[in-house]
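# Topology and contacts: notes
The primary structure of each chain is shown beneath.
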Amino acid sequence: MTILDPSRASDPSRGKGFGWRLRLGMLLPSSNPVAEPEITRILPPGVSLNTTRLKLAGSTREDLLGMTEGVEAAVVLLSDAGIDRLLFNCTAVSTFDPEMGEALRLRMEAVAGRPAISTADGIVAAIRALGSRRVMMISPYIAPVVEREVAFLRHCGVEVVHASGMGLKEGRAMSSVEPGEWYRQAMDQAGSGADLCFLSCTAIRVFGIITDLERDLGMPVMTSNQAMIWWCLREAGVRDPLPSLGRLAA
């Protein structure tokens, strides 16, 4: 059992099913209907997820940077729930530039006095853990978001051999894409020379295709929500296998 602050073990709300092992607090784009149910479904016993939202219902530069303006207030709200770790879960914002993920993490930690990560942190940690160097990235994004994420990955030492987006601008549209479409797009790039398939975006429904896609592509598959929650749990010392999340979390 992992309790980061022993003084909080007597908290009466930490009964079984209420984060007795680890209580996570997630900051999520307001238009994302996927991340909460996708992540909650696979959490190990005793790990709970509490969420608050920040306004993001578009993909312009102003929309993405606007999401970061309410970080401190959102962290205060989550802290009221007695969380142990904070998660800023948005790929497009946290990979906006090479410094954004760290800046968000430091801002959250300064307010909460608790460890924090961003989706970008999880993506980088997962790529390193898998030993990948050549990535194919498939996303729902508009072109400027794709370009910024490719620049972020290249800054991290990763060669992007294929990058695509569907031109979608907000979370509800992104979530409406059927999992089978993501599978088909990934299989279309089977001969790209990549050693990792990255399905990028926290608002796409892809947990259910990870293991099949890994089998059929013959390579690891990484998704934004998968990488983020895997890294958060590992950083907290929770190392339960999550077989539905593929090789990364096996």
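Here, the structure is the one placed above.
This report concerns the structure included in the present document. All values derive from a computational prediction rather than experimental measurement.

To continue, consider the nonpolar core. Ranked by internal contacts, the top residues of the largest apolar core, which has 85 residues, are Leu-27 and Phe-88. Residues within four places of Phe-88 in sequence aside, it is in contact with Leu-27, Leu-54, Met-67, Val-71, Val-93, Ser-94, Leu-104, Met-108, Ile-117, Ser-118 and Thr-119.

Turning our attention to the packing of aromatic side chains. Evaluation of the coordinates by the stated rule reveals one aromatic pair. Relative to Trp-231, the ring of Trp-230 lies with its centre 5.6 Å away and its plane at 35°, an arrangement referred to as tilted.

Strand pairing within a sheet occurs via backbone hydrogen bonds; the two strands may be parallel or antiparallel. With parallel pairing, the four strands of this open sheet are ordered in space as S2-S1-S3-S4. Strands at the two margins of the open sheet, each flanked by one partner only, are strand S2 (47–54) and strand S4 (116–118). The average angle at which neighbouring strand axes cross in this sheet is 20°, direction not considered. When strand S1 (residues 22–29) meets S2, the two strands line up parallel, connected through eight bridges. Note on S2: the bridge partner recorded for Arg-23 is Ser-48. Against the sheet, helix H5 (residues 100–112) touches S1, strand S3 (85–88) and S4, its axis set at about 155° to S4.

Let us now look at helix H6 (residues 119–130). Between the first and last C-alpha of H6 there are 17 Å, a value that for twelve residues agrees with the 16 Å anticipated at 1.5 Å per step. The buried fraction of H6 amounts to nine of the twelve residues, a majority that puts the element mostly inside the structure. Restricting attention to buried positions, one finds in H6 the residues Thr-119, Ala-120, Asp-121, Gly-122, Ile-123, Val-124, Ala-125, Ala-126 and Ile-127.

Orientation of helix H3 (residues 71–79) relative to H5, taken along the N-to-C sense of each, is 45°, at an axis distance of 9 Å. As the angle between them shows, H3 and H5 are arranged oblique. When you trace H3 past H5, the crossing you get is right-handed. Residue-level contacts link Val-71, Glu-72, Val-75, Val-76 and Ser-79 of H3 to Leu-104, Arg-107, Met-108, Val-111 and Ala-112 of H5. Grouping the constituent residues of the contact of H3 with H5 by class yields seven nonpolar, one polar and two charged.

What counts as what
- Residues numbered from 1 in each chain as written.
- Predicted model: local features only at pLDDT ≥ 70, side-chain atom pairs only at ≥ 80, totals over all residues.
- Heavy atoms only, no water.
- Core = buried A, V, L, I, M, F, W, Y, C linked by side-chain atoms within 4.5 Å.
- Buried < 20%, exposed > 50% of the residue type's maximum accessible area, 1.4 Å probe, protein only.
- Contact = heavy atoms within 4.5 Å.
- Phe/Tyr/Trp six-rings, centres within 6.5 Å; stacked < 30°, edge-to-face > 60°.
- Pairing = 2+ DSSP bridges.
- Helix = DSSP H or I, 4+ residues; strand = E, 2+ residues; numbered from the N terminus.
- Axes fitted to C-alpha atoms, helices over the stretch in contact; angles between N-to-C directions.
- Expected span 1.5 Å × (residues − 1).
- Parallel < 35°, antiparallel > 145°, perpendicular 65-115°, else oblique.
- Left-handed = near helix turned anticlockwise from the far one by under 90°.
- Nonpolar A, V, L, I, M, F, W, Y, C, P; charged D, E, K, R; others polar.

Just distances and angles here, no functional claims.
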